[in-house]
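Each chain, letter by letter, is given below.
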2 protein chains.
Amino acid sequence: MADYTLCYWPLPFRGQFIRTVLAHLEVSWEETGSDVIATQRALAPQDQLVPHMGPPILIDHAAGVSLSQTPAILTYLGSKHGMLPGDPLGDALTAKVMADANDVLCDMTLNNGAQMWTRASWDNFQPRLERWMEIFETTGRRHGMTAQVGFLLGTDAPGIADFAAYTLWNTMTSSFPTLRSMLDAKAPAIAGLCDRLAVSPDQERLRAWSDAEYGDTWCGGMIEASLRAAL
Amino acid sequence: MADYTLCYWPLPFRGQFIRTVLAHLEVSWEETGSDVIATQRALAPQDQLVPHMGPPILIDHAAGVSLSQTPAILTYLGSKHGMLPGDPLGDALTAKVMADANDVLCDMTLNNGAQMWTRASWDNFQPRLERWMEIFETTGRRHGMTAQVGFLLGTDAPGIADFAAYTLWNTMTSSFPTLRSMLDAKAPAIAGLCDRLAVSPDQERLRAWSDAEYGDTWCGGMIEASLRAAL
């Protein structure tokens, strides 16, 4: 039996934040299909594995723990496996990076597809996306990170904050290559971090697997179609 | 000089999550007006106190720390002042409760006012709001909380998770009293938690101050007007 089970749609998007960390930790995990997600969501909260509104859910089989909400799952993995700074400010900045990443996902999908992109609304949004990139860049720069060396919060090894930044920007710019030049221009240290983390064998394996499973799909659905049309 | 400065709009909404914890900690803080928020937002990220897209921002003067993002600020205060469980699961569940609370705020404001409520869309949303209440209720019940006793994650004293749940539901149902009967019906243990935390002298003082400053305003703006019209 695998160490963990991840319940998420067959997509990168939020699930990939958990997959990149699981791959880095070199633990085993199974992916459940959409049917398990649908079954869980149809239950009353008191009957769910963990009371939740939507995926991802991560099950830690040995610990008998089920968790929902991406930042909560990453906090759990980071705390259990030594991937959090472990001081009030460092742990808080990790939470900030996760919250910023979630805000970018909401922005990029117009709140999970509540509306659809048009060419005009995308053009209008671009300065805000550039600003998000600069926000991540500034966080790294203030902790001594450059395009060549270092990590987002000044730690000696990559932690949850680094994998959250890497997953956000590397996955997005891999699915939408035209955005990579924006990242290079606005956030060269983040682009460098992405490149450094991407070449590890565990991330290369995950990337090969994800590419085979998901192709260039990112968030999926009509919102991704409208995003591709606007780009 | 005050211990902390909170930069937030003159509104409850996200800011109140920080105010309730600061009040509980019996530390002093100053509130900045909208002008400081506007000045910060106009700066390039590299020139901001902390690189951020929007408020709240909390400044810890003695520590020389500035943080944005509500869950990050609450993680910092909780970690610094012993209001987190301190184990991987407890800290992760705290992050889950904060993420759930943020999702409820986004749901209730149609993503910070991206769209406006109509009577029809509000009626359509009500089962989801009830489900959110049940999700919080189930979390408490699974940790032994009842309408009379206990805390959300089974701790001996109220922590960040409790204050997040309290701030979310008590502030909302105080501003929109018609929602209190829904909370009583769907989440009696949460309603009880709200009542128990609300009667402490520090929370009563905060409530009196907030009522004088903000009246029954909750999230403010056109979205609050559309919510009141739909309700």
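Residues numbered from 1 in each chain as written. Chains lettered and ligands numbered in written order. Predicted model: local features only at pLDDT ≥ 70, side-chain atom pairs only at ≥ 80, totals over all residues. Heavy atoms only, no water.

**Structural notes on the overall build of chain A**
Rule in force here: Think of it this way: any DSSP run of H or I at least four residues long counts as a helix, any run of E at least two long counts as a strand, and we number them from the N terminus. Throughout, the radius of gyration refers to the C-alpha atoms, and the reference size of a globule is 2.2 Å times the residue count to the power 0.38. Summary of the burial criterion: residues with accessible area below 20% of their type's maximum are buried, those above 50% are exposed, and those between are partly exposed, where the area comes from a 1.4 Å probe applied to protein chains only. Here, two residues are considered to be in contact whenever any of their heavy atoms come within 4.5 Å of each other. The charge count treats Lys and Arg as positive and Asp and Glu as negative. His and the chain ends do not count. To locate a charge, take NZ of a lysine, CZ of an arginine, CG of an aspartate or CD of a glutamate.
Across its full length, chain A carries 11 helices and 4 strands. Since a compact globule built from 231 residues should have a radius of gyration of about 17 Å, the 17 Å found for chain A is in line with a globular shape. Expressed as lengths along the three principal axes of its C-alpha atoms, the size of chain A is roughly 45 × 40 × 30 Å. For chain A, the residues scored as buried account for 55% of the 231 residues in total. Intrachain contacts of chain A at a sequence separation of at least 6 include 69% that bridge at least 24 residues. A gap of 7 Å separates the mean positions of the 16 positive and 26 negative side-chain charges of chain A.

**What about the sheet that holds strand β1 (residues 4-7) of chain B?**
All names here are of chain B. Basically, it comes down to this: Here a strand pair is declared whenever DSSP counts at least two bridges between the two strands. Only C-alpha atoms enter the line fits that serve as axes; for helices the fit covers just the stretch in contact. Angles between N-to-C directions range over 0 to 180 degrees.
As summarised here, the arrangement of the 4 strands in space is β2-β1-β3-β4, forming an open sheet in which the pairing is mixed. Strands with a single pairing partner mark the edges of an open sheet, and in this sheet they are β2 (29-32) and β4 (65-68). In this sheet, neighbouring strand axes are inclined to one another by 20° on average, regardless of whether the strands run parallel or antiparallel. Relative to β4, strand β3 (residues 57-60) runs antiparallel, the two sharing 4 bridges. Residue pairing for β4: I59 is matched across the bridge by S66.

**Points about the packing of aromatic side chains**
Quick note on the threshold: Side-chain rings of Phe, Tyr and Trp, where Trp is taken by its six-membered ring, are said to pair if the distance between their centres is within 6.5 Å; with planes under 30 degrees apart they count as stacked, over 60 as edge-to-face, and otherwise as tilted.
Using the criterion set out here, one finds 16 aromatic pairs over all chains in the structure. Considering the side-chain rings of W209(A) and Y214(A), the 5.6 Å spacing of their centres and the 80° angle between planes classify their relative orientation as edge-to-face. Ring geometry for F176(B) versus W218(B): centroids 5.7 Å apart, planes at 85°, classification edge-to-face. Separated by 42 residues along the polypeptide, F176(B) in the loop between α7 (160-175) and α8 (180-186) and W218(B) in the loop between α10 (201-214) and α11 (221-230) bring together distant segments of the chain. Taking the relative accessible area as the measure of exposure, F176(B) reaches 3% and is therefore buried. Since its relative accessible area comes to 2%, W218(B) is described here as buried. An aromatic cluster is defined as three or more aromatic residues linked by ring pairs; in this entry it consists of F13(A), F176(A) and W218(A).

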